[in-house]
Each structure stands twice: as structure tokens, then as C-alpha cells.
Amino acid sequence: ELYIRYPNNILYGYVYASILSKRGMSNQALTLIETISQDDSYVALPFIDYLHGDLLLQQGKYVAARFYFNRYIATFKGKNLIKDATYKLFLSYWLMDDDATAMNYWKLIPTVGQITFESDKYAQKIALSNELPNKQLAKLRLYTDGGYYTKAFEIYNATNLSDLTTKKDKIEYYYRAARLYQKAGRQNECIQYYLKVISLSSENKNNYYFAPNAALQLGYMYVQLKNHTQARAYFHQAIAYKNHEYENSIEQKAKIALSEIK
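Remember, it's a predicted structure, so these values are computed and weren't measured experimentally.

Rules used in this analysis
Residues numbered from 1 in each chain as written. Predicted model: local features only at pLDDT ≥ 70, side-chain atom pairs only at ≥ 80, totals over all residues. Heavy atoms only, no water. Phe/Tyr/Trp six-rings, centres within 6.5 Å; stacked < 30°, edge-to-face > 60°. Helix = DSSP H or I, 4+ residues; strand = E, 2+ residues; numbered from the N terminus. Buried < 20%, exposed > 50% of the residue type's maximum accessible area, 1.4 Å probe, protein only. 1 Å grid on protein atoms, 1.4 Å probe; cavity = no way out; pocket = protein on both sides within 12 Å on 5 of 7 lines; lining within 4 Å. Points joined across faces, edges and corners; volume = space filled by probe spheres on them. Nonpolar A, V, L, I, M, F, W, Y, C, P; charged D, E, K, R; others polar. Salt bridge = Lys/Arg side-chain N within 4 Å of Asp/Glu carboxyl O. Contact = heavy atoms within 4.5 Å.

*Asks:* What is the right way to read the packing of aromatic side chains from this model?
*Replies:* Aromatic ring pairs are reported here in terms of the distance separating the ring centres and the angle at which the planes meet. Evaluated as defined, the whole model comprises 27 aromatic pairs. Look at Y156 and Y181: their rings are 5.9 Å apart centre to centre, the planes differ by 80°, and that puts the pair in the edge-to-face class. Here the residue Y156 occupies a position in helix 9 (residues 149–158), and Y181 occupies one in helix 10 (residues 167–183), the gap between them amounting to 25 residues. A single burial state applies to Y156 and to Y181, both of which are buried.

Written out as C-alpha cells, the structure reads:
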């Protein structure tokens with residue numbers, strides 16, 4: 001077991017759970033966080049509450065997630081991830097069709113926290129542009145990010161492209177499908193959907209991050225296929241996109257990947 005039982009190592013347990021979460025292993029991360037929280041020597045840290053809420057949200061346990069996001073907001077003395085936590089509180093009601101309560105949190109997003117972290121920038125951008133997320137696509141994203149691929153495919157198969165009315169939602173539909181196929185190891189379908197995202201985004205005036213990350217992911221896949229010429233082209237394309245909410249991280253990842261190609 002890699003969880004730690006002593007207060008001075010609680011942070012190590014949090015970091016390891018964060019790594020598991022980023023790898024789409026949210027079920028294992030949630031088990032670790034809950035084990036830490038139940039230990040007699042547990043010392044509460046706000047970021048553990050934030051991660052705990054995030055993991056529960058990905059699992060579809062929306063009511064349980066609220067407790068941890070609310071406690072994070074109440075106990076954290078800084079401003080980072082406050083917009084994101086407020087956005088996720090919005091989602092916890094929005095995805096349960098309690099739209100009236102959800103909108104109270106939606107309107108609160110621009111008034112709290114700061115936009116140093118990219119997840120906060122994302123929350124701020126969509127709140128200010130009043131781009132309410134499509135509920136099916138939001139669920140698809142959460143299940144995919146958490147590694148709950150069976151549930152993600154259920155949502156994907158139940159979502160009809162013809163029901164999506166905005167250009168943004170149509171682009172996101174293909175992007176979420178690509179992410180799901182990529183994480184599920186279905187590379188051929190994944191590549192086709194990422195290419196569709198880039199094609200549909202050619203006249204995108206709102207600078208969504210879907211096309212930049214699609215290019216980045218295509219670059220990674222072509223590295224694996226040992227097609228370095230194509231990989232370089234997509235990494236450069238990822239860098240060329242500007243003024244989107246994840247610009248810094250996508251650009252840095254693309255530059256690192258380019259430096260590693262020999």
C-alpha cells in the first residue's frame with residue numbers, strides 16, 4: 001500500500017492520489033483519499049478536500065462531492081481553484097437537473113477567486129461567455145477523465161449529434177469522443193475524431209482548447225507510430241493556436257515533446 005499513515009506524510013498521499021487521478025485511475029485515487037481520511041492521524045488539508053470532491057464528481061456522486069468542494073472553499077485561505085470549485089458545485093446541481101440552484105453558482109463564478117490556474121481560467125471564460133455546458137457532454141467528460149469508460153460509452157452512445165444545437169457543442173462532441181477512444185485504446189477511431197475536431201475548428205472564433213489539444217494528442221500518437229515528421233507538424237500546430245484557456249500547458253507540453261524527438 002502506498003498511502004501514508006503519518007501527518008507529516010499526508011501530503012505525499014495527496015500527491016500520489018493526484019497522480020492516479022491524472023492517469024484516469026480515479027477509482028484507485030478515491031480509495032487512497034478515503035483511506036487517508038479515515039486514518040486516526042489524518043490532518044485535514046484543503047487541497048485533499050478539493051481532490052476528494054473532484055474524484056466523487058467524476059464517479060457521478062454529485063451530492064457527496066458538494067460537501068468537499070464547499071469545505072475547500074470555506075477553509076482554503078488562498079484564491080486558487082476557487083472558481084473551479086464553484087464551477088464544479090454548479091455541475092453537481094446542473095447534472096442532477098436542479099437548474100435553479102445550479103445557476104446561483106454559475107453567476108457566482110466571475111465574482112470569486114482568481115485566474116492563475118488554467119482550470120480557473122476555463123471556469124471564468126465559460127461563465128463570462130454564458131456558455132452553459134451540455135449535460136451529456138459534461139457527464140461524458142467526467143466519466144472519461146475518471147477512467148470510468150463503460151459509463152462514458154453509455155453516455156456517448158446515448159448522445160445524438162443532431163440534438164446538439166451550437167457549433168461549440170458539435171466540436172466538443174467529437175473531442176470528447178476522441179478522448180474516450182484514446183483512453184480506451186482505440187487509436188484508429190481516436191485519430192479520425194481528432195482530425196474532425198481540427199477541421200470543424202478552422203473558423204473557431206472563440207478559441208476553444210479542443211483543437212489545440214487535439215493537435216497535441218495527435219502529435220503524441222504519431223510519436224508512438226514513429227512518424228516523427230507528422231508528429232512534429234502536429235506539435236507545431238498545437239503551439240500555433242493562441243488565446244485559449246489551456247494555452248500555457250499545451251504549448252509547454254508540445255515544446256517538450258519536440259525537444260525529445262530525435
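*Asks:* What should I look at first to understand the layout of surface pockets in this one?
*Replies:* The rolling of a water-molecule-sized probe over the atoms marks out the regions of remaining empty space. For the largest pocket, the calculated volume is near 1,400 Å³. Taken together, the elements giving at least two residues each to the lining of the largest pocket come down to helix 1 (10–22), helix 3 (46–58), helix 5 (82–94), helix 7 (118–128), helix 8 (135–146), helix 10, helix 12 (210–224) and helix 14 (247–260). Tallied by class, the residues present in the lining of the largest pocket amount to 19 nonpolar, nine polar and 13 charged.

*Asks:* Any chance you could explain the pattern of salt bridges here in plain terms?
*Replies:* Note on pairing: side chains with opposite charge can pair once their charged atoms come close. With the rule as written, the count across this model stands at 13 salt bridges. Of the charged contacts in the structure, one is a salt bridge between K168 and E172, with a shortest N-O distance of 3.3 Å. Taken as a pair, K168 and E172 lie in helix 10 at a separation of four residues, close to a single helical turn. Taken individually, K168 and E172 each receive the classification buried, so the pair is uniform in this respect. A single network of salt bridges, built from pairs that share partners, joins K242, E247, E251 and K255.

*Asks:* I'm lost on unusual backbone geometry in this one. Help?
*Replies:* Negative phi is the rule for most residues except glycine; trans is the rule for most peptide bonds. Not every positive phi belongs to a glycine, and D97 is a case in point at roughly 65°. As for its placement among the helices and strands, D97 is situated in the loop between helix 5 and helix 6 (99–108). Even without being a glycine, N243 presents a positive backbone phi close to 60°. Locating N243 in the fold gives a position in the loop between helix 13 (228–240) and helix 14. Here N243 falls in the exposed class, since its relative accessible area comes to 59%.

*Asks:* Just checking my understanding: could you explain helix 7 for this structure?
*Replies:* Structural remark: α-helix, 3.6 residues per turn; residues separated by three or four positions point the same way. With eight of eleven residues buried, helix 7 lies mostly within the body of the structure. Where helix 7 is buried, its residues contact helix 5, helix 6, helix 8 and helix 14. Just past helix 7, the residue N130 takes up positive phi, approximately 55°.

Honestly, it's all geometry; don't read function into it.
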